[in-house]
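Inside the fold
This is what each chain is made of:
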Amino acid sequence: LLLLGEAVADRQMYVFQTEKYRRKAAGEDMGPYARGFIETGLWSFSRHPNYFCEVSMWWAFYLFSVAATGQWLNWTIWGAIFLTGLFVPPGASCDITEAISLSKYPQYVEYQHRVSRFFPMPPKAGKKEE
């Protein structure tokens, strides 16, 4: 399920970016792509659903190994710790991509207030600024 979630999130981003740049190059009306960033599909529940699924998958591998071995401390915990460290702490990938998006898209701050940074959650009430 987590692998599927990561694949769906990546595909949604690819489709969004491809269409956004196609419209831009063709000089067409940007329509729902005008804000510049994706905020539909899985991206309406988390600003980084692909990262969430990737990190969660490694924690699931670790928990399966605990169930299989009966040992809470085993070598598989390193994958979960390293992937969490790559994406989640201050200054990691989530923060880097957030900073890039904030510098490129003025309306991204509204999306940040409405949508969870990492853990998928229902979006907060709030009107999208057009």
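The following refers to the structure shown. (Residues numbered from 1 in each chain as written. Predicted model: local features only at pLDDT ≥ 70, side-chain atom pairs only at ≥ 80, totals over all residues. Heavy atoms only, no water.)

Our next topic: helix α1 (residues 2-26). For α1, built from 25 residues, the straight-helix expectation of 36 Å at 1.5 Å per residue is met to within 8% by its first-to-last C-alpha distance of 36 Å. For α1, the set of buried residues is G5, E6, A9, F16, E19, K20 and R23. Lining the buried residues of α1 we find α2 (49-69). A positive backbone phi angle near 70° is found at G27, which sits one or two residues after α1. (Helix = DSSP H or I, 4+ residues; strand = E, 2+ residues; numbered from the N terminus. Expected span 1.5 Å × (residues − 1). Buried < 20%, exposed > 50% of the residue type's maximum accessible area, 1.4 Å probe, protein only. Contact = heavy atoms within 4.5 Å.)

For the rest of this paragraph, the subject is the nonpolar core. The biggest cluster of nonpolar side chains holds eleven residues, and these are A9, F16, M30, Y33, F37, I38, W43, Y105, Y108, Y111 and V115. When contributions to this core are tallied by element, the ones reaching two or more residues are α1 and α5 (108-114). When sequence neighbours within four positions are dropped, the list of residues in contact with W43 reads A9, Q12, M13, I38, H48, P49, N50, Y111 and V115. By size, the runner-up hydrophobic cluster in this structure holds eight residues, among which are C53, L83, F87 and C94. (Core = buried A, V, L, I, M, F, W, Y, C linked by side-chain atoms within 4.5 Å.)

We now examine the packing of α1 against α2. As a packed pair, α1 and α2 sit with axes 8 Å apart at the nearest point and diverge in direction by 160°. Taken together, α1 and α2 sit at an angle that is classed as roughly antiparallel. Viewed along their axes, α1 and α2 form a crossing whose handedness is left-handed. Across the interface between the two elements, L2, L3, G5, E6, A9 and D10 of α1 pack against P49, N50, C53, E54, S56, M57 and A60 of α2. Residue classes in the contact of α1 with α2 are distributed as seven nonpolar, three polar and three charged. (Axes fitted to C-alpha atoms, helices over the stretch in contact; angles between N-to-C directions. Parallel < 35°, antiparallel > 145°, perpendicular 65-115°, else oblique. Left-handed = near helix turned anticlockwise from the far one by under 90°. Nonpolar A, V, L, I, M, F, W, Y, C, P; charged D, E, K, R; others polar.)

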